[in-house]
Amino acid sequence: MSANRPAAVVVLAAGEGTRMKSATPKVLHAICGRSLVGHVVAASRELSPEHLVVVVGHAREQVTAHLAEIDAEVRTAVQHEQNGTGHAVRMGLEELSGSGVALDGTVIVVCGDTPLLTGATLERLASAHATDGNAVTVLTAEVPDSTGYGRIVRDAASGAVTAIVEHKDATDAQRAIREINSGVFAFDAQLLTDALGKVRTDNSQGEEYLTDVLGILREAGHRVGAAVAGDHREILGINNRVQLAEARRLLNERLLERAMLSGVTVVDPGTTWIDATVTFEPDALVHPGTQLLGATHLAAHSEVGPNTRLTDTTVGEGAVVSFTVADRAEVGAGAGVGPYAYLRPGSRLGAKSKAGTYVEMKNASLGEGSKVPHLSYVGDATIGDHTNIGAASVFVNYDGVNKHHTTIGSHCRTGADNMLVAPVTIGDGAYTAAGSVITKDVPPGSLAVARGQQRNIEGWVARKRPGSAAARAAENAHQDHQSDQ
């Protein structure tokens, strides 16, 4: 639990985000495995707040449903009309007070479109707020180019914040200031509640601005302080697709750096993409062109890539997965997958098993040491240990209406070009002949042969394709054979 546990965190997520040019609400656009607001909620949770409230407005049904999926403890407050940031915060506090919550302590206010903001930075903000005894503490940042941002004006002697001046209102001297307002604040709860009741709407937008609270508190004799973010990129908000892509790149770099510092080898970070929810063990190896998504986990000494996409997939210790697409699959320790394999949901590979080149699996388990080396489809099946599935085999699982299951025992050998028509069971130690269509159960230790007898029709090409290249080749072969007699 955070040493400076706030009474509440209020996340502002009511805006429409028209510059995204999207039917999807801005805060629901995703990068690195989470929505924008999902990243903010995750960072806020690191403070262990007593209450976490997200203020919703535009497309509130969608946003509220999403929040319920990612964090069941989040409360929502509705801002029916977007009347400014001060109004949004007031809606958040009224949601709590209307539920009988009496806030006492610190209220942190964050924006729902700042996915790079970290829990560590919010913790430093809360700590500075408590240590300095401020009525409000602004999270600020030193940026290379402050054009367009509100400038932080400080008292030269005390360092206290005296004003936040918007770019259009700033003097030339103030425009030279590189410290800017992030839109993230820590407030004393009672002072914030009182000041919000005094915010006026006599401005060009006719809205309640949260920044006006700072002037109200300062005029009342309260201290307004600031905490500077260690990395100015953390405060970047998302307003369009260009900024979304830039934030994705920055967050991906951060996640990869964290993975590498924990002992993972990433051969080419520039072509490797991972989600915030991916986990690793030391000495995992990731080759170029790899995407690791969702709840994917790479165990120690596993090797993934190149050109591989894994979603919600577990890769066991020492397993090798290359040129593969996998979704909700389990790859056992020492197993091999690919190249050019497709593991669909429910695929489970046992230790030291193999799903090889151009193999597709779905809802199927492969026992320890068993192999499907190449050119096969395995769907709705259970395969025992140390069994080999011949090349170009198809598990015929669908009858046009229902899916059916195939069971193959341990130490079996199925021939190449087999059609295994489910439901069917092949017992332990059984063999099937190449080219067979297996429609009946095969007892343990048996050889199943299910194919027509071969019949050779002599002279067919000469009669049916006279004068063709094939006919001439056959005639030459006959003459060579006769000369050898």
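Residues numbered from 1 in each chain as written. Predicted model: local features only at pLDDT ≥ 70, side-chain atom pairs only at ≥ 80, totals over all residues. Heavy atoms only, no water.

**Description of the overall build of the protein**
- When helices and strands are tallied, the protein shows ten helices and 37 strands.
- The C-alpha atoms of the protein give 33 Å as radius of gyration, which overshoots the globular expectation for 485 residues (23 Å, by more than 25%).
- Across the 485 residues in the protein, those meeting the buried criterion constitute 45%.
- Carbon and sulfur atoms make up 49% of the accessible area of the protein, which amounts to about 22,800 Å² in all.
- For the protein, the distance from the average site of its 42 positive side-chain charges to the average site of its 54 negative ones is 7 Å. (Helix = DSSP H or I, 4+ residues; strand = E, 2+ residues; numbered from the N terminus. Rg over C-alpha atoms; globule rule 2.2 N^0.38 Å. Buried < 20%, exposed > 50% of the residue type's maximum accessible area, 1.4 Å probe, protein only. Areas by Shrake-Rupley, 256 points an atom, 1.4 Å probe, with all protein chains shown as cover. Lys, Arg positive; Asp, Glu negative; His and termini not counted. Charge placed at Lys NZ, Arg CZ, Asp CG, Glu CD.)

**Let's talk about the pattern of salt bridges**
- With the rule as written, the count across this model stands at twelve salt bridges.
- Between Asp231 and Arg233 there is a salt bridge whose closest N-O contact spans 3.0 Å.
- Here Arg233 falls in the partly exposed class, since its relative accessible area comes to 35%.
- Taken together, the shared-partner salt bridges in this structure form one network comprising Arg90, Glu94 and Glu208. (Salt bridge = Lys/Arg side-chain N within 4 Å of Asp/Glu carboxyl O.)

**Observations regarding the packing of aromatic side chains**
- Scanning the entire structure with this criterion turns up three aromatic pairs.
- Consider the rings of Phe185 and Phe187, whose centres lie 5.6 Å apart with planes at 35°: the pair is tilted.
- Residue Phe185 is classed as buried on the basis of its relative accessible area, which comes to 2%.
- Ring plane angle 15° and centroid distance 5.4 Å describe the contact between Tyr340 and Tyr358, whose orientation is recorded as stacked. With a gap of 18 residues between them, Tyr340 in the loop between strand E24 (336-337) and strand E25 (341-343) and Tyr358 in strand E27 (residues 354-366) connect regions that are remote in the sequence.
- Linked through ring pairs, Phe323, Tyr340 and Tyr358 together constitute an aromatic cluster.
- Of note, Lys403 hangs over the ring of Tyr398, and the distance from its end group to the ring centre comes to 5.5 Å. (Phe/Tyr/Trp six-rings, centres within 6.5 Å; stacked < 30°, edge-to-face > 60°. Lys NZ or Arg CZ within 6 Å of the ring centre and 35° of its normal.)

**Digging into the environment of Val359**
- Within the fold, Val359 resides in strand E27.
- Using a relative accessible area of 2% as the deciding quantity, one classes Val359 as buried.
- As a C-alpha pair, Val359 and Asp428 span 69 residues in sequence and 23 Å in three-dimensional space.

**Description of the pairing of strand E28 (residues 371-383)**
- Taken together, the ten bridges between E27 and E28 define a ladder with parallel strand orientation. From the neighbouring strand, Ala364 faces E28, where its bridge partner is Ala381. (Pairing = 2+ DSSP bridges.)

**Quick notes on helix H1 (residues 36-45)**
- Within H1, eight of the ten residues are buried, which leaves the element mostly enclosed by the surrounding structure.
- What H1 keeps buried is the set Leu36, Val37, Gly38, His39, Val40, Val41, Ala43 and Ser44.

**Description of helix H6 (residues 189-196)**
- All buried positions along H6 are accounted for by Ala189, Leu192, Ala195 and Leu196. Along the axis of H6, the buried residues cluster in a sector spanning 135°; they form a single face.
- Buried residues along H6 sit in contact with helix H3 (85-98), strand E6 (106-111), strand E10 (179-188) and helix H7 (212-219).
- Its side-chain oxygen placed 3.2 Å from the backbone nitrogen of Gln190, Asp188 serves as the N-cap of H6. (Arc of directions from axis to C-beta. Contact = heavy atoms within 4.5 Å. Polar contact = N/O pair within 3.5 Å; in protein donor to acceptor, adjacent residues only side chain to side chain.)

**What to know about the side chain of Asn418**
- Along the chain, Asn418 turns up in the loop between strand E32 (413-414) and strand E33 (419-421).
- Here the side chain of Asn418 touches Gly415 through a polar contact of 3.3 Å, landing on its backbone oxygen.
- Within polar-contact distance, the side chain of Asn418 engages the side chain of Thr432 at 2.5 Å.
- With near-sequence residues (within four places) excluded, Asn418 lies in contact with Ala392, Ser393, Val394, Thr432, Ala433, Ala434, Gly435, Ser436 and Ile438.

**Remarks on the nonpolar core**
- Counting 54 residues, the largest nonpolar core has Leu343 and Met361 as the members making the most contacts within it.
- Those elements giving two or more residues to this core turn out to be helix H8 (241-261), E25, E27, E28 and strand E34 (424-426).
- The biggest single contributor to this core is H8, with seven residues.
- Excluding its chain neighbours within four sequence positions, the residues that come into contact with Leu343 are Val325, Ala326, Asp327, Ala329, Val331, Val337, Leu349, Ala355 and Met361.
- Counting residues in each nonpolar core, the second largest holds 35 residues, with Leu96, Val161, Phe187 and Val224 among its members. (Core = buried A, V, L, I, M, F, W, Y, C linked by side-chain atoms within 4.5 Å.)

**Regarding a nonpolar patch on the surface**
- Nonpolar side chains collect at one region of the surface, where Tyr340, Tyr358 and Leu375 lie side by side and expose about 340 Å² of accessible area between them.
- With respect to the helices, strands and loops of the structure, Leu375 is situated in strand E28. (Patch = residues over 30% accessible without salt bridge, like charges linked within 9 Å, V, L, I, M, F, W, Y side chains within 5 Å.)

**Describing the packing of H6 against H7**
- Where H6 meets H7, the axes come as close as 10 Å, and the angle between the chain directions of the two elements is 105°. Relative to H7, H6 is oriented roughly perpendicular. Where H6 approaches H7, its residues Leu191, Leu192, Ala195 and Leu196 are matched on the opposing element by Val213, Ile216 and Leu217.
- When its residues are assigned to classes, the contact of H6 with H7 shows seven nonpolar, no polar and no charged. (Axes fitted to C-alpha atoms, helices over the stretch in contact; angles between N-to-C directions. Parallel < 35°, antiparallel > 145°, perpendicular 65-115°, else oblique. Nonpolar A, V, L, I, M, F, W, Y, C, P; charged D, E, K, R; others polar.)

**Describing the packing of H3 against H6**
- Relative orientation of the contacting elements H3 and H6 amounts to 125°, with a least axis distance of 10 Å. Here H3 is positioned oblique relative to H6, judged by the angle of their axes. The crossing of H3 and H6 is left-handed. Where H3 approaches H6, its residues Gly86, Val89, Arg90 and Leu93 are matched on the opposing element by Leu192, Thr193 and Leu196.
- Looking at side-chain class alone, the contact of H3 with H6 contains four nonpolar, two polar and one charged residues. (Left-handed = near helix turned anticlockwise from the far one by under 90°.)

**Concerning the pairing of strand E19 (residues 308-311)**
- Two strands pair when backbone bridges link them, and strand E16 (residues 290-293) and E19 are joined in this way by four bridges, in the parallel orientation. Bridging from a neighbouring strand, Gln291 pairs with Arg309 of E19.
- Alignment of E19 against strand E22 (residues 324-327), held across three bridges, turns out to be parallel. Across the sheet, Leu310 pairs through a bridge with Ala326, a residue of E22.

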